[in-house]
Amino acid sequence: MSNEKSAADLLKEELCFEKKHFSVQMSDEELKNADDFCEGYKDFLATAKTERECVDYMIEKAEAKGFLPFDSKKAYKAGDKVYYNNRGKSIILAVMGKKGVSEGAKIVAAHIDSPRLDLKPTPLYENSDLAYFKTHYYGGIKKYQWVAMPLSLHGVMIKKDGTSVKINIGEKKGEPKFVITDLLPHLDKEQSKRPLLEGIKGEELNILIGSRPFKSDSGSELVKLNVLKILNEKYGVTEKDFISAELELVPALEVSDIGFDRSLIGAYGHDDRVCAYPAAIAAFNVEEPEHTLISVLADKEEIGSDGNTGLNSAFMKYFIYDLAKMEGLEGRDVLSMSECLSADVNAGFDPTFPSVHDKYNCCTLNHGCVITKYTGARGKSGTSDASAEFMGKIRRILDSANVSWQIGELGAVDEGGGGTVAKYVANLNVDVVDLGVPVLSMHAPYEIVSKADVYSTYRACYEFFKS
Ligand code: MN
Ligand code: MN
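Read on for a plain summary of the structure.

Conventions and cut-offs
- Residues numbered from 1 in each chain as written.
- Chains lettered and ligands numbered in written order.
- Predicted model: local features only at pLDDT ≥ 70, side-chain atom pairs only at ≥ 80, totals over all residues.
- Heavy atoms only, no water.
- Axes fitted to C-alpha atoms, helices over the stretch in contact; angles between N-to-C directions.
- Helix = DSSP H or I, 4+ residues; strand = E, 2+ residues; numbered from the N terminus.
- Parallel < 35°, antiparallel > 145°, perpendicular 65-115°, else oblique.
- Left-handed = near helix turned anticlockwise from the far one by under 90°.
- Contact = heavy atoms within 4.5 Å.
- Nonpolar A, V, L, I, M, F, W, Y, C, P; charged D, E, K, R; others polar.
- 1 Å grid on protein atoms, 1.4 Å probe; cavity = no way out; pocket = protein on both sides within 12 Å on 5 of 7 lines; lining within 4 Å.
- Points joined across faces, edges and corners; volume = space filled by probe spheres on them.
- Domains from an automatic or database assignment.
- Pairing = 2+ DSSP bridges.
- Donors = N, O, S within 2.8 Å, 3.2 Å for Na, K, Ca; no water.
- Buried < 20%, exposed > 50% of the residue type's maximum accessible area, 1.4 Å probe, protein only.
- Phe/Tyr/Trp six-rings, centres within 6.5 Å; stacked < 30°, edge-to-face > 60°.
- Lys NZ or Arg CZ within 6 Å of the ring centre and 35° of its normal.
- Expected span 1.5 Å × (residues − 1).
- Disulfide = S-S within 2.5 Å.

**Structural notes on the packing of helix α6 (residues 270-285) against helix α11 (residues 451-466)**
Packing of α6 against α11 brings their axes to within 8 Å, and their N-to-C directions diverge by 40°. In terms of orientation, α6 and α11 fall into the oblique class. When you trace α6 past α11, the crossing you get is right-handed. The segment α6 lies against α11, with V274, P278, A279, I281, A282, A283 and N285 engaging V454, T457, Y458, C461, Y462 and F465. Classifying every residue of the contact of α6 with α11 gives eleven nonpolar, two polar and no charged.

**What about the side chain of D344?**
Looking at the element boundaries, D344 is found in the loop between β14 (339-343) and β15 (346-347). Sequence-distant contacts of D344, defined by excluding residues within four places in its chain, comprise H111, D271, D272, C275, E301, T420, D434, L435, G436 and V437.

**Looking at the layout of surface pockets**
The volume enclosed by the largest pocket comes to roughly 1,200 Å³. Elements with a contribution of two residues or more to the lining of the largest pocket: β15 and β19 (417-418). Across the lining of the largest pocket, the residue classes tally to 14 nonpolar, 17 polar and eight charged. Residue assignment places the lining of the largest pocket across two domains, with domain 1 (18-114 + 268-466) and domain 2 (116-251) each supplying three or more.

**Some points on the sheet that holds strand β7 (residues 151-158)**
Strand order in this open sheet of six strands is β8-β7-β10-β5-β6-β9, and the pairing throughout is antiparallel. Two strands lie at the open edges of the sheet, namely β8 (164-169) and β9 (207-210), each paired on one side alone. The sheet shows a mean angle of 30° between the axes of neighbouring strands, direction not considered. In this structure, strand β5 (residues 116-127) lies alongside strand β6 (residues 130-138), joined through eight bridges in antiparallel fashion. Following the sheet pairing, R116 is matched in β6 by Y138. Against the sheet, helix α5 (residues 222-235) engages β5, β6, β8 and β9, with an angle of about 125° to β5.

**Some words on the coordination of the manganese ion (ligand 2)**
In an ideal octahedron of six donors the angles at the metal are 90 or 180 degrees, and in an ideal tetrahedron of four donors they are 109.5 degrees. Protein coordination at the manganese ion (ligand 2): the donors are D271 (OD), E302 (OE), E302 (OE) and H443 (NE2), at 2.0 to 2.6 Å from the metal. A separation of 3.4 Å is found between the manganese ion (ligand 2) and the manganese ion (ligand 1), which share D271 as a coordinating residue. With E302 in the loop between β13 (293-298) and α7 (315-326) and H443 in the loop between β21 (438-439) and β22 (447-450), this pair connects stretches of sequence that are 141 residues apart. Each member of the pair, E302 as well as H443, carries the same accessibility label: buried.

**Some details on the packing of aromatic side chains**
Under the counting rule described, the total for this entry stands at 17 aromatic pairs. With a centroid separation of 5.3 Å and an interplanar angle of 20°, the aromatic rings of Y125 and Y132 are classed as stacked. Clustering of aromatic rings is evident, with ring pairs tying together F37, Y41, F44, Y57, Y277, Y455, Y458 and Y462. Cation over ring: R116 sits above Y138, and NZ or CZ is 3.6 Å from the ring centre. When the ring centre of Y374 is taken as origin, the NZ or CZ atom of K380, which lies over that ring, is 4.0 Å away.

**Points about unusual backbone geometry**
D271 connects to D272 through a cis peptide bond whose omega is 10°. Its location among the elements puts D272 in helix α6. Of note in this structure, K380 is not a glycine but carries a positive phi near 60°. Positive phi, normally seen in glycine, also occurs at D385, with a value near 50°. Structurally, the position occupied by D385 is in the loop between β17 (376-377) and α9 (388-400). Under the relative-accessibility criterion, D385 is labelled partly exposed at 25%.

**Concerning the coordination of the manganese ion (ligand 1)**
Bound to the manganese ion (ligand 1) are the protein donor atoms H111 (NE2), D271 (OD), D344 (OD) and D344 (OD), situated 2.1 to 2.6 Å from the metal. One chain supplies every donor for the manganese ion (ligand 1), spaced along it as H-x159-D-x72-D.

**Quick word on α7**
Look at α7: 17 Å from first C-alpha to last across twelve residues, which is about the 16 Å you get at 1.5 Å a residue. Taken as a whole, α7 has its buried residues at F315, M316, F319, I320, L323 and A324. Looking at the packing, one finds that the buried side of α7 touches β2 (81-86), β3 (90-95), β4 (106-111), β13, α8 (331-337) and α10 (422-426). Where α7 ends, the next residue or the one after it, G328, has phi of about 70°, a positive value.

**A look at the sheet that holds β22**
Read across the open sheet, the three strands follow the order β11-β12-β22; overall the sheet is antiparallel. Where the open sheet ends on each side, the last strands, each with one partner, are β11 (256-258) and β22. For this sheet, the mean inter-axis angle between neighbouring strands, taken without regard to orientation, is 35°. Where strand β12 (residues 264-267) lies against β22, four bridges are found, and the strand directions are antiparallel. Bridge assignment links I265 to a residue of β22, and that residue is V449. This element, helix α3 (residues 28-47), spans β11 and β12 of the sheet and lies at about 5° to β12. Of the strands in this sheet, β11, β12 and β22 are in contact with α11, which crosses β22 at around 70°.

**What to know about the state of the cysteines**
Such a bond, covalent and formed between the sulfur atoms of two cysteines, is termed a disulfide. The final tally for this structure, using the stated rule, is zero disulfides. Distance from the sulfur of C16, which forms no disulfide, to the nearest cysteine sulfur (C362) is 18 Å. Distance from the sulfur of C369, which forms no disulfide, to the nearest cysteine sulfur (C461) is 8.1 Å. Residue C369 is classed as buried on the basis of its relative accessible area, which comes to 0%.

Given below as structure tokens:
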């Protein structure tokens, strides 16, 4: 047999677009870089599990890199690094470019909120000598996945006098955790007839938080009272303080390599910290960009980006208006010339459930970061749908830097759908496309990503900022 390529092989190479495994593009050295990069990512995952904790983490890292709080009254010069902390729940990192924003900014937008269980405003109750929290789930979860597993409590409470107290219980070794109980299989005859999505109902997501009563000869709800006593001793709070609180329950599961080859990472909340981290690190690492770079890590994406910390609000627009004003430009002109990667995850092909994907147009783990031209549902409803021109531009940036990338559609036509922050940025007259990491078990308490894909997403953000 000859080693020479046939005419068909040669023509195929020239004309056909084939999906490539990262290993075709990544050297051993680059793969080592990917693994090293992911050790930092794993630290971030373990440390910052909520939007508030992500903001705290990023401020600390940014300040260590020389970023200073943004002051809209100041004039900045090329290379200056700033951050804008929006209410402790979303953050903008920016590095001033040599051209400033005169030709627009390069924006990477990711989100730092993840699906979880929020406490209701008056969550605490006692029933049958057990104390519980009532919850209202946040974002798209399959409720049955959240029972019978350890949960930790994160957030903030504002006390009567206006002071605030941070809560973080159940992450450190030895700390207590919390749990939602499920019915035993011996007695689930009726429950097992429910459709899967109603296997556990919203009002059944009750968190077990105590069972020992306050010692007293008389009185009712003494288990609840005892829990309040513990909380009061530890945090100085009373039951009324839950009304002015944002408390979130997340899986208390360890971030871990997955597989004998350690190629994957299992963790809660990859969506979308797996893009937020690369977006931030790229902003930290690009030195002296041509155009001002903006990395925005937003809150509220999982519930539609509404609210003043979400990207459907004006906080990013106002930030860009401020930059424009400093240079004597109109904010709207700067926005019109700006470009954005909406850095968010896509659903990786899962061979156990092949039917929900179009195999010719879905993304696959280990094939690099995924460019998603459009999301939406039922005939592209609710998406910004990137233009051919902008797709062409992004493709050229990634190819010229040898970044491993692929194309992905969010599931087969009419199988479901979803959205990202892309459309809210596009609605500001910015060119936008989604780019991010393929995920398995998206929105489950434990999600899976590939280390190689995380790294190519980082490289994509970096090269985009530099472009
Ligand atoms: Mn997302
Ligand atoms: Mn999501």
